[in-house]
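Descriptive structure summary
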Amino acid sequence: MTTKAAPFHRVITDSETSLHAEDFHFHHTDIDLKTQGHWSIQKHTLHGGKQEGVELIEIDNGKLKFAVIPTRGMSIYKVWCGDVSLGWKSPVDEIVNPAFINLESRGGLGWLDGFNEMMVRCGVEFAGHPGEDDDGRMLTLHGKIGNIPASKVEIIVDDKPPYRIRIRGRVDEKTFKFSDYELWTEISTVPGSNSFQVSDTLTNKSDYEREYQIIYHGNFSQPLLEEGSKFVAAIKEVSPFNDDAANEIKTWATYFGPTKDYGETVFTIIPYADKNGDTDTMLHNADGDRGVAVSFNINELPYLTLWKNTDTLKEGYVTGIEPGSGFPYNKSVERKAGRVPTLRPGKSQSFSLEYTVLLSSDEVKARESSIKKIQGSRKTKVNKTPVQ
Amino acid sequence: MTTKAAPFHRVITDSETSLHAEDFHFHHTDIDLKTQGHWSIQKHTLHGGKQEGVELIEIDNGKLKFAVIPTRGMSIYKVWCGDVSLGWKSPVDEIVNPAFINLESRGGLGWLDGFNEMMVRCGVEFAGHPGEDDDGRMLTLHGKIGNIPASKVEIIVDDKPPYRIRIRGRVDEKTFKFSDYELWTEISTVPGSNSFQVSDTLTNKSDYEREYQIIYHGNFSQPLLEEGSKFVAAIKEVSPFNDDAANEIKTWATYFGPTKDYGETVFTIIPYADKNGDTDTMLHNADGDRGVAVSFNINELPYLTLWKNTDTLKEGYVTGIEPGSGFPYNKSVERKAGRVPTLRPGKSQSFSLEYTVLLSSDEVKARESSIKKIQGSRKTKVNKTPVQ
Amino acid sequence: MTTKAAPFHRVITDSETSLHAEDFHFHHTDIDLKTQGHWSIQKHTLHGGKQEGVELIEIDNGKLKFAVIPTRGMSIYKVWCGDVSLGWKSPVDEIVNPAFINLESRGGLGWLDGFNEMMVRCGVEFAGHPGEDDDGRMLTLHGKIGNIPASKVEIIVDDKPPYRIRIRGRVDEKTFKFSDYELWTEISTVPGSNSFQVSDTLTNKSDYEREYQIIYHGNFSQPLLEEGSKFVAAIKEVSPFNDDAANEIKTWATYFGPTKDYGETVFTIIPYADKNGDTDTMLHNADGDRGVAVSFNINELPYLTLWKNTDTLKEGYVTGIEPGSGFPYNKSVERKAGRVPTLRPGKSQSFSLEYTVLLSSDEVKARESSIKKIQGSRKTKVNKTPVQ
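Residues numbered from 1 in each chain as written. Chains lettered and ligands numbered in written order. Predicted model: local features only at pLDDT ≥ 70, side-chain atom pairs only at ≥ 80, totals over all residues.

1. Digging into the overall build of chain A
Put simply, the rule is: In this description a helix means any DSSP run of H or I spanning at least four residues, a strand means any run of E spanning at least two, and both kinds are numbered starting from the N terminus. Here the radius of gyration uses the C-alpha set of atoms, whereas the globule reference equals 2.2 Å times the residue count to the power 0.38. Using C-beta atoms placed from the backbone, we call a residue buried if 20 or more other C-beta atoms fall within 10 Å of its own, exposed if 12 or fewer do, and partly exposed for counts in between. Contact between two residues is assigned whenever their backbone-derived C-beta positions fall within 7 Å.
Along the backbone of chain A there are five helices and 27 strands. Taken over C-alpha atoms, the radius of gyration comes to 20 Å for chain A, in line with the 21 Å a tight globule of 388 residues would show. For chain A, the residues scored as buried account for 55% of the 388 residues in total. At a minimum sequence separation of 6, the contacts of chain A that also span at least 24 residues come to 67%.

2. Brief notes about the interface of chain C and chain B
For clarity, the threshold we go by: Throughout, the ten residues Ala, Val, Leu, Ile, Met, Phe, Trp, Tyr, Cys and Pro are labelled nonpolar, Asp, Glu, Lys and Arg are labelled charged, and all others, Gly among them, are labelled polar.
Residue-level contacts link 27 residues of chain C with 27 residues of chain B. Secondary structure elements with two or more residues in the side of chain C that touches chain B: α1 (105-108) and α3 (313-316) of chain C. Across the side of chain C that touches chain B, the residue classes tally to seven nonpolar, eleven polar and nine charged.

3. Points about the relation of the copies chain C and chain B
For the record, the criterion: Copy-to-copy superposition: least squares on the C-alpha atoms, limited to residues that have pLDDT of at least 70 in both copies.
With an RMSD of 0.0 Å, the operation that places chain C on chain B is a rotation of 120° combined with a shift of 0.0 Å along the axis. In the structure described here, the two chain copies are related by an operation that fits a three-fold rotation axis. Considering only C-alpha atoms, the part of chain C nearest the rotation axis is C:Ala99, at 3.0 Å. Mapped onto chain B, only 11% of the interface residues of chain C again fall at the interface, so the copies present different surfaces.

4. Quick notes on helix α5 (residues 361-375) of chain C
Residues and elements named next belong to chain C. Put simply, the test is: Residue count minus one, scaled by 1.5 Å, sets the expected span of a helix. Starting at the helix axis, one direction is taken to each C-beta atom, and the arc is that of these directions.
Over its 15 residues, α5 extends 21 Å from the first C-alpha to the last, a length consistent with the 21 Å expected when each residue adds 1.5 Å. Within the sequence span of α5, burial applies to Val364, Arg367 and Ile371. What you see down the axis of α5 is that its buried residues fit within an arc of 65°, all on one side. What points out from α5, more than 90 degrees from its buried face, is the exposed set Asp362, Ser369, Lys372 and Lys373. Taken together, the buried residues of α5 touch β18 (230-233), β21 (278-284), β22 (291-297) and β26 (348-358).

5. A few points about the pairing of strand β12 (residues 152-157) of chain C
Short version of the rule: We treat two strands as partners when DSSP finds at least two bridges between them.
As defined by bridge partners, strand β1 (residues 8-14) of chain C adjoins β12(C) across six bridges and the pair is classed as antiparallel. Bridging across to β12(C), C:His9 finds its partner in C:Ile156.

6. Topic: the relation of the copies chain C and chain A
With an RMSD of 0.0 Å, chain C superimposes on chain A once it is rotated by 120° and translated 0.0 Å along the axis. Residue by residue, only 11% of the interface of chain C is reproduced at the interface of chain A, so the copies engage with different surfaces.

7. Topic: the pairing of strand β20 (residues 265-271) of chain C
For a regular strand, side-chain orientation follows a simple rule: the groups alternate between the two sheet faces. All names here are of chain C. Within β20, six of the seven residues are buried, leaving the element largely enclosed by the surrounding structure. Inspection of the sheet shows strand β19 (residues 235-240) paired to β20 by five bridges, in the antiparallel sense. Considered in β20, the bridge of Ser239 is made with Thr268. As paired elements, β20 and strand β23 (residues 303-310) share five bridges and run antiparallel to each other. Looking at β23, one finds that Ile269 is bridged to Leu304.

Right, dumping it as structure tokens:
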């Protein structure tokens with residue numbers, strides 16, 4: 001890698017020009033920017049098993065490190081910061097090339113053959129549970145976007161403070177007669193910080209108005225998830241997703257330790273936000289000295305799903321904090337409930353999220369305060385039965 | 001590439017010997033033949049998105065240029081000649097590796113995830129619309145052959161005038177207990193000419209008689225397709241494919257400009273031919289000074305389908321001229337109508353088509369005359385309702 | 001390849017470290033062991049058609065040669081020894097990359113698009129015929145394990161006599177919420193011998209007890225299979241698999257020559273074994289001077305299926321000797337019959353088989369004697385109708 005004039009901009013994949021960068025590794029010293037810290041970016045191609053040919057980009061901002069998977073829709077594989085890691089350990093331990101995935105298998109549950117990311121987008125033509133849509137078509141779990149290789153990937157380092165490092169990727173979800181979506185994803189971080197942002201823009205390139213669904217399926221396990229961990233958010237309304245969850249509605253915001261035969265419970269949440277629509281959520285450990293905050297805007301992502309899969313460690317001990325355009329019911333249910341937005345021809349919708357690793361009780365407390373400030377004196381309605 | 005004794009013959013892919021040529025580029029000067037013009041052949045491997053690993057061969061005969069996709073059943077991606085291009089712009093803008101295609105998705109419409117070629121063969125165990133066959137088996141849209149990588153690919157340049165350049169590829173469609181077809185494809189062109197030929201041979205390698213279906217799905221858009229473009233053919237009988245098309249039967253041979261909410265109409269045609277079975281069709285622009293002729297033999301391909309997808313440019317403004325062994329109804333319908341031929345054990349059937357780019361009003365008029373000559377005084381029956 | 005201290009141990013694929021060895025070829029002289037014979041091991045990557053990217057390892061023990069396919073679940077492609085070969089000629093003549101296989105196609109028969117191995121394992125979450133399981137889920141023919149690329153592959157040569165050469169591969173069958181199996185396979189041979197062993201260990205890595213099914217689908221054709229060939233085993237009970245087979249129950253253990261319209265017949269067998277559970281089976285030619293013995297242990301694999309597909313040579317003239325955890329009925333049938341074993345959390349089950357090529361009438365006779373000895377005076381029950 002040679003030194004480039006600022007701002008640094010490198011295209012590493014481009015299907016239009018068939019450009020394809022080999023494995024590389026470069027450091028902050030390789031480019032002529034006055035950035036802070038000892039950051040670096042590297043790219044690998046994985047081999048063996050079902051991960052044959054998968055590309056992985058690792059970004060180390062000097063304090064926080066994360067890995068992005070262009071081959072799997074620009075999902076985030078894992079994040080490391082201090083003694084905290086984000087993500088989880090799935091029984092699926094390879095990063096699976098979509099060439100080996102059949103989304104239609106097991107009655108539309110094929111997505112589970114590759115599910116192990118810290119953050120995977122669900123969507124965008126459809127998301128949520130598999131099953132027949134109103135037109136009789138079979139929809140598969142959580143849609144296609146997480147199993148589509150990125151068509152263009154680029155790295156940008158801003159030439160002005162705070163010298164943000166941006167990994168951008170375009171994921172195309174296109175079928176003649178059905179869909180023509182472009183999802184520009186961006187995952188970025190400031191050198192030396194303990195947070196990263198997701199800034200995506202979904203564009204309907206079609207001449208027809210089209211529905212979309214998107215869920216940011218962010219997943220967390222140890223050390224943040226343990227017995228006594230808590231989920232904190234500014235909440236207007238919370239409901240059990242189904243009858244299983246209804247039994248746990250009283251303790252929905254706290255967690256069990258790894259629990260055999262727990263399976264999963266899911267809760268649907270309508271969040272409150274500040275006057276700009278910004279809201280904040282947090283998962284913190286039992287001691288309240290480590291956590292992760294997930295911030296988003298309810299004008300972009302008005303719904304939030306909490307997935308509590310506190311089964312055993314080997315089965316996948318994990319909780320999902322999932323801001324979305326709707327809940328993960330089948331699209332036919334979501335449509336009836338008015339939770340399937342549309343995009344007019346040529347129009348775009350942006351989605352911004354920030355994930356911050358909290359490394360002390362002070363940081364956890366400060367975040368708790370700011371979430372309480374959003375809630376203010378507004379009430380939380382707790383429904384005892386599912387509200388589809 | 002080194003100089004070779006004539007005739008030039010180079011195998012670039014062969015699954016039997018695991019031979020696999022890397023990207024190359026060679027010119028007429030590289031081989032010792034007294035050919036005309038400045039022709040060249042190059043091969044690329046594509047990268048990025050769903051086109052990762054797709055191989056593409058580009059042939060420039062000095063006047064006409066075309067690109068063949070070995071990875072997608074030897075389909076023709078696009079053709080360029082003077083100010084005319086053949087092919088179309090699909091919302092699917094990558095050349096999709098079949099590894100990322102699931103033909104069964106959307107109830108058998110997965111083929112649409114990769115459809116963007118100038119010419120794709122449909123078949124050969126089955127073609128046409130998805131749905132249940134008589135035996136209860138689900139058939140997928142337009143079959144498998146367009147999503148099977150070629151097992152053997154070779155380039156031949158004749159050592160005698162007119163020094164025809166031939167790209168040959170063998171595509172195997174084989175399933176234990178069900179099918180054992182070999183389709184030898186050949187796309188060829190004479191240096192300096194404005195036409196190319198498709199000369200395929202389908203062989204039933206099985207010991208059992210087997211049905212086959214084949215449709216040559218040739219697709220055209222701007223600049224040949226525009227408001228007022230016309231389709232010309234020698235026709236015995238033309239029918240609307242379905243009720244939608246029935247409304248347009250009076251103007252079936254002329255085209256609209258890009259039209260929002262048009263969707264598509266389809267017409268089924270039984271062509272007339274000369275005493276040798278040769279027939280000719282043409283699409284020309286509104287001014288009648290640019291066109292494409294598609295010639296074939298009705299002893300090989302007795303049926304013709306005209307697909308008019310004059311929707312908006314972004315949705316795919318395109319018309320298909322589709323000579324075939326039958327029409328694109330589901331195989332169960334085709335079988336009942338007697339339009340599903342069979343091949344006895346070891347037997348072969350050849351299919352030859354010629355595509356000629358017409359670059360002047362003289363060339364368009366000459367072709368119109370020759371088509372009228374085929375029709376002669378024979379009547380055309382226009383059916384107002386579908387005739388399955 | 002450099003000389004290594006004994007025992008020789010080389011990891012050639014490892015998805016954990018992304019290790020991936022290129023094509024190689026090494027001989028007994030390359031390592032410092034006092035082994036017998038002129039053995040060698042080589043690895044190729046295949047190209048062309050649907051075998052693009054498939055890895056193949058060929059082991060020649062100086063007398064017997066076999067090829068293993070890491071990309072297809074460590075299946076054995078073919079075996080050669082003297083003038084005998086094991087395996088068969090399927091209409092599917094390429095070694096198909098699972099990326100091009102859709103197991104769900106044709107109502108769950110997609111497995112047939114890649115079936116051509118000498119030995120393919122069926123399983124492990126499910127095996128046998130496609131169809132709905134008791135929970136309404138669609139199961140596909142013979143499961144997934146034969147179409148999963150190995151995640152770790154290693155070669156070991158023992159440093160003590162008889163200097164056994166071992167090709168070991170780990171195949172992971174893992175789906176979040178459904179399965180977490182690790183299958184460590186080993187195929188090994190002693191230099192200069194005419195046999196090889198399969199020694200597999202299946203581990204349930206899940207925290208839950210899980211069912212499994214496994215069938216070792218070993219396939220044989222000419223020169224061992226011909227008119228008058230015989231299958232020999234120590235048998236407690238033999239039954240026709242279905243009504244077709246019922247018609248042939250009297251001659252179930254002898255074979256026809258290649259027979260048009262034969263299709264296939266299948267017989268289910270409960271074998272006898274010696275006091276250690278070891279049993280032995282044999283297929284020999286009409287003259288009784290060439291054969292193959294398949295030995296296994298009924299404590300590991302209590303059931304045996306004989307598949308007689310003596311159709312024409314081109315259609316696949318082949319017989320399958322298939323020791324298994326059960327018969328190849330749909331899993332719902334097998335469960336009801338008590339033939340679906342389970343593995344408790346963390347537990348493993350081993351499976352050992354030996355395949356021996358018999359090269360003389362003495363060897364065939366000796367094997368017949370040892371099989372008769374296992375049978376002893378015990379009776380064989382021949383059922384005239386299927387016993388599910």
